[in-house]
Amino acid sequence: MEYFKIFITILIVFSKTGNILCEENIFDVNNIEITKNLKSNNEKLANRAIKKGFEKLKEKILTNSERDKLSNLKFADVKKLVSYYQIKTHEKSTQENQVIFNVSFDREKLHRLFYERRVLYSEIINKEIYILPILKKDNKNYVYNENFFYENWNKNNEGQLIEFILPLENIEIIQIINSNKDNLLDISLSDFFREYPNKNLAFVLIEQENSKPEKIFLKTKIQGKNINKNINIKDQSFNSKKNFYEKVIAQLKTDITNIIKTENLIDVRTPSFLNTKLYFS
C-alpha cells in the first residue's frame, strides 16, 4: 500500500510538469520570410531571419511587460541562443525574391537568460477558446446576423497563437439574450457555452453609440478562473468604420491572448521537478 501511494505521488508530479516534457518545442519559429536583394548573402539573410524569429518568439511566449525585460538584448547575444536554422528551399514563398527560414532556439540557453533577467514565459497547452462577440446598437442586440464582429472575427488568422472558436447559431442563446437584454453582463459564461464545459471561454459586448463602439466589455474564464476587463479603443486615423472594427477585433484578440499567457506563466527560478528517493526494505 505504501509503495502504491509513492507511485501515485510520482504520477502527480510528472502530470504537473508535463508541459515541460511535451514533444512540441515552443522555442521553434517556422516559416520566417526574408526578402533578399543583390547584396544579400547567406550569412546576412540568416542574421535577419534570426532577428525576426526572435521577435516572433517573444511575441509568442512573452507578455508585453516581460518583453520589455529583453529590450536591450544585443543581437550577438540573441545569436548565441540559436540551436540551428534551416532554409526551406522546397517551399514556395509568396514572392520569388523571398527566402523561408526555420529557426530553433535552445531551451536551456533561453531558460538561463530568463533566469538571469527574471523573465516569466508562457507555455500554453490548451490554445482553444470559445468566444461569443455581441454587438449592441440602438438598444438592440445583434448576435449572429448584422454583427460585424461575429461575421469577421476569424477573417484574418495570420500569425495567430490562439484558436478562437465561435459557436454556431443557437436558438437557446438567442432566448437567453432576449430574456436578459438589459443586463447581458450578468449572464453566466456557462449559459452561453453549455455544450463546452471545462473549456476556455470568452464573451465580448460591444456597445455602439454615434456610429462607433463606445464601450467594450470582456468576460473570460481561463482555466477555470474568471477574468473581466473593460477595453477602450480610440477611433482615430481610420479611413472607414470597417477599418476601425477590424482594429477592435485585433485589439481584443491581443488582450485575450495576453490573458491566456498570463494564466500560463512559467518561472524558471522555481524548481519544476522533485527529487524522489525510494527505499525498499
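Placed above this text is the structure.
This report concerns the structure included in the present document. (Residues numbered from 1 in each chain as written. Predicted model: local features only at pLDDT ≥ 70, side-chain atom pairs only at ≥ 80, totals over all residues. Heavy atoms only, no water.)

### Considerations on the packing of aromatic side chains
Under the definition given, this model contains 12 aromatic pairs. On the numbers, 6.0 Å between centres and 50° between planes, the contact of Y85 with F101 is tilted. A residue pair is termed long-range when its members are at least 10 positions apart, and Y85 in strand β2 (residues 82-87) and F101 in strand β3 (residues 98-105) qualify at 16 residues. Relative accessible area serves as the criterion here: at 41%, Y85 is assigned to the partly exposed category. The exposure class assigned to F101 is buried, which follows from its relative accessible area of 0%. (Phe/Tyr/Trp six-rings, centres within 6.5 Å; stacked < 30°, edge-to-face > 60°. Helix = DSSP H or I, 4+ residues; strand = E, 2+ residues; numbered from the N terminus. Buried < 20%, exposed > 50% of the residue type's maximum accessible area, 1.4 Å probe, protein only.)

### A closer look at the layout of surface pockets
Approximately 1000 Å³ is the volume attributed to the largest pocket. What lines the largest pocket is a set of 34 residues, among which E59, E158, G159, Q160 and L161 lie closest to the centre. Broken down by secondary-structure element, the contributors of at least two residues to the lining of the largest pocket are β1 (28-35), α3 (42-61), α4 (64-67), α7 (148-152) and α10 (241-262). With 8 residues, the top contributor of residues to the lining of the largest pocket is α10. In terms of residue class, the lining of the largest pocket is built from 9 nonpolar, 12 polar and 13 charged. (1 Å grid on protein atoms, 1.4 Å probe; cavity = no way out; pocket = protein on both sides within 12 Å on 5 of 7 lines; lining within 4 Å. Points joined across faces, edges and corners; volume = space filled by probe spheres on them. Nonpolar A, V, L, I, M, F, W, Y, C, P; charged D, E, K, R; others polar.)

### Quick word on the sheet that holds β2
The strand order across the open sheet formed by 3 strands is β1-β3-β2, and the pairing between neighbours is antiparallel. Bordering the open sheet on either side are β1 and β2, each of which pairs with just one other strand. Averaged over neighbouring strand pairs, the angle between their axes works out to 25° when direction is ignored. Relative to β3, β2 runs antiparallel, the two being bridged by 5 bridges. Bridged to Y84 within β3 is S104. Here α3 sits on the sheet in contact with β1, β2 and β3, set at roughly 130° to β1. (Pairing = 2+ DSSP bridges. Axes fitted to C-alpha atoms, helices over the stretch in contact; angles between N-to-C directions. Contact = heavy atoms within 4.5 Å.)

### Digging into helix α8 (residues 171-179)
All of the buried residues in α8 are I173, I176 and I177. Looking straight down α8, one finds that the buried residues subtend no more than 95° of arc, so they occupy a single side. Exposed side of α8, more than 90 degrees from the buried face: I171, N178 and S179 are the residues found there. In this structure, the buried side of α8 is in contact with β5 (128-137), β6 (140-142) and α9 (189-192). If you check the start of α8, you find a side-chain oxygen 2.7 Å away from the backbone N of E172, and it comes from N170. (Arc of directions from axis to C-beta. Polar contact = N/O pair within 3.5 Å; in protein donor to acceptor, adjacent residues only side chain to side chain.)

### Some details on the nonpolar core
One finds I134, F192 and I256 to be the most contacted residues of the largest nonpolar core, which totals 47 residues. Those elements giving two or more residues to this core turn out to be β5, α7, α8, α9, β8 (201-209), β9 (212-222), β10 (225-231) and α10. With 8 residues, α10 is the single largest residue contributor to this core. Membership of the second largest hydrophobic core comes to 29 residues, among which are F27, I32, L45 and F101. (Core = buried A, V, L, I, M, F, W, Y, C linked by side-chain atoms within 4.5 Å.)

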